[in-house]
Amino acid sequence: MLRISDLHAAYDKAEVLQGIDLEVGPGEVICLIGRNGVGKSSTMKSIVRDQIVVTGGEIVFDGQSLAGVRPHDVIRRGVGYVPEDRRVFASLSVLENLKVPRPVAAPDRRRWTVDEVFRLFPQLHDYRHRSAGVMSGGEQQMLSIARSLLTCPKLLLLDEPHEGLAPKIAEEVVDAIVALKREGVSMIVSEQALNTIRRCADRVYVIDRGMTVWNGSVDGFYADPEITRKFLMVQ
Ligand SMILES: Nc1ncnc2c1ncn2[C@@H]1O[C@H](COP(=O)(O)OP(=O)(O)OP(=O)(O)O)[C@@H](O)[C@H]1O
Ligand SMILES: [Mg+2]
């Protein structure tokens with residue numbers, strides 16, 4: 001599904017990624033782990049060409065290189081992206097936000113409808129006529145995930161999906177991730193919370209100073225206290 005080899009990437013002249021290697025198989029959920037500022041968001045931004053410039057290495061999605069592919073074409077090829085800052089259209093209603101993505105007609109992709117995303121996030125249905133800008137952080141997060149599903153992604157990138165959310169809402173977001181996993185959506189989740197990693201990850205990648213320094217199973221990750229001590233913010 002996705003293979004990243006020796007990825008280097010920079011903002012202006014500052015190279016922040018200096019050797020990221022990562023693979024995601026069909027239906028697989030991987031968690032990106034690492035302390036603040038090590039390059040988790042930058043790895044996702046490199047895949048969708050958001051702000052950052054790829055300076056070396058290769059990203060292959062669905063058998064094709066993403067080199068030179070424009071951001072909206074990466075999304076059209078089947079990568080859904082939910083950035084840290086969510087980026088909902090504040091002045092539009094929930095329903096209007098969900099009408100923004102253009103549906104993709106591709107026989108090999110699971111199609112999502114507005115009704116289906118309302119089933120996944122019932123609160124969004126209740127608030128469908130409310131302005132997105134007045135909703136809570138958790139509701140905006142759900143809206144951002146719902147909107148990205150309407151692009152019918154094969155691979156979903158979720159950047160710290162419950163950063164700053166109250167525990168109960170955060171749990172609902174994790175429930176949604178688990179439900180999406182059951183639907184067969186491949187995901188990369190940038191994550192610090194142990195129980196989320198346990199609940200949804202198939203494998204874990206640890207990033208340190210712009211490089212992938214460890215990868216393996218969730219059990220392998222927890223079996224090595226040295227790794228959790230060194231690379232996890234929240235323990
Ligand atoms: N738009 C930008 N312009 C310049 N430098 C940036 C930009 N965004 C991030 N950086 C720098 O790139 C490095 C990696 O940041 P990144 O946001 O990828 O880290 P992260 O692992 O996602 O951290 P966090 O856990 O805080 O979200 C940091 O040194 C950061 O200061
Ligand atoms: Mg980040």
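So, a few notes on the structure that sits alongside this text. (Residues numbered from 1 in each chain as written. Chains lettered and ligands numbered in written order. Predicted model: local features only at pLDDT ≥ 70, side-chain atom pairs only at ≥ 80, totals over all residues.)

## Focus on the sheet that holds strand S2 (residues 14-24)
Now for step 1: Here four strands make up an open sheet; going across it, the order is S2-S1-S4-S5 and the pairing antiparallel. Looking at the sheet topology across the chains shown, the edges are occupied by S2 and strand S5 (64-65).
Now for step 2: Direction of pairing for strand S4 (residues 53-61) relative to S5: antiparallel, over a ladder of two bridges. Bridging from a neighbouring strand, Phe 61 pairs with Gln 64 of S5.
Now for step 3: In the packing of helix H1 (residues 40-48) onto the sheet, contacts are made with strand S1 (2-11), S2 and S4, and the angle to S2 comes to roughly 75°. (Pairing = 2+ DSSP bridges. Helix = DSSP H or I, 4+ residues; strand = E, 2+ residues; numbered from the N terminus. Contact = placed C-beta atoms within 7 Å. Axes fitted to C-alpha atoms, helices over the stretch in contact; angles between N-to-C directions.)

## What to know about the sheet that holds strand S3 (residues 29-33)
Now for step 1: The strand order across the open sheet formed by six strands is S6-S7-S8-S3-S9-S10, and the pairing between neighbours is mixed. The sheet terminates laterally at strand S6 (79-82) and strand S10 (211-217), the two strands that pair on one side only. Between one strand axis and the next, the sheet turns by 15° as a mean value, whatever way the strands run.
Now for step 2: As paired elements, strand S7 (residues 155-159) and strand S8 (residues 186-190) share five bridges and run parallel to each other. Considered in S8, the bridge of Leu 156 is made with Met 187.

## Details of unusual backbone geometry
For residues other than glycine, phi is negative in most cases, and the peptide bonds are mostly trans.
Now for step 1: Even without being a glycine, Arg 49 presents a positive backbone phi close to 55°.
Now for step 2: Relative to the elements of secondary structure, Arg 49 occurs in the loop between H1 and S4.
Now for step 3: Not every positive phi belongs to a glycine, and Glu 160 is a case in point at roughly 40°.
Now for step 4: Mapped onto the elements of the fold, Glu 160 is located in the loop between S7 and helix H7 (167-182).

## Remarks on the pairing of S4
Now for step 1: By the bridge criterion, seven bridges tie S1 to S4 in an arrangement that is antiparallel. Within S4, the residue paired with Ile 4 across the bridge is Ile 59.

## Describing the site of ligand 1
Now for step 1: With respect to spatial proximity, the complete set of residues near ligand 1 consists of Tyr 11, Ala 14, Val 16, Gly 34, Asn 36, Gly 37, Val 38, Gly 39, Lys 40, Ser 41, Ser 42 and Gln 51.
Now for step 2: At the level of secondary structure, the elements contributing two or more residues to the shell around ligand 1 comprise S2 and H1.
Now for step 3: Here the element with the most residues in the shell around ligand 1 is H1; it accounts for three residues.
Now for step 4: Considered class by class, the residues forming the shell around ligand 1 number four nonpolar, seven polar and one charged. (Near = placed C-beta within 6 Å. Nonpolar A, V, L, I, M, F, W, Y, C, P; charged D, E, K, R; others polar.)

## Brief notes about the packing of helix H6 (residues 137-149) against H7
Two measures define how a pair of helices packs: the angle their axes make with one another and the distance between the axes.
Now for step 1: Running from amino to carboxyl end, H6 crosses H7 at an angle of 15°, the nearest separation of the two axes being 10 Å. What the angle tells us is that H6 and H7 run roughly parallel. Helix-helix and strand crossings are classified by hand; for H6 and H7 the assignment is right-handed. Counting all contacts with H6, which are made through Gly 138, Gln 141, Met 142 and Ile 145, the residues of H7 involved are Ile 169, Val 173 and Ala 176.
Now for step 2: By residue class, the composition of the contact of H6 with H7 is five nonpolar, two polar and no charged. (Parallel < 35°, antiparallel > 145°, perpendicular 65-115°, else oblique. Left-handed = near helix turned anticlockwise from the far one by under 90°.)

## Considering H6
Now for step 1: Compared with an ideal rise of 1.5 Å per residue, which puts 13 residues at 18 Å, H6 spans 18 Å between its outermost C-alpha atoms and is within 8% of the ideal.
Now for step 2: The element H6 is largely enclosed, with a buried count of twelve among its 13 residues.
Now for step 3: Buried residues of H6: Gly 138, Glu 139, Gln 140, Gln 141, Met 142, Leu 143, Ser 144, Ile 145, Ala 146, Arg 147, Ser 148 and Leu 149, and no others.
Now for step 4: Elements that come into contact with the buried residues of H6 comprise S6, helix H3 (94-98), helix H4 (114-120), helix H5 (122-126), S7 and H7. (Expected span 1.5 Å × (residues − 1). Buried ≥ 20, exposed ≤ 12 C-beta atoms within 10 Å, placed from the backbone.)

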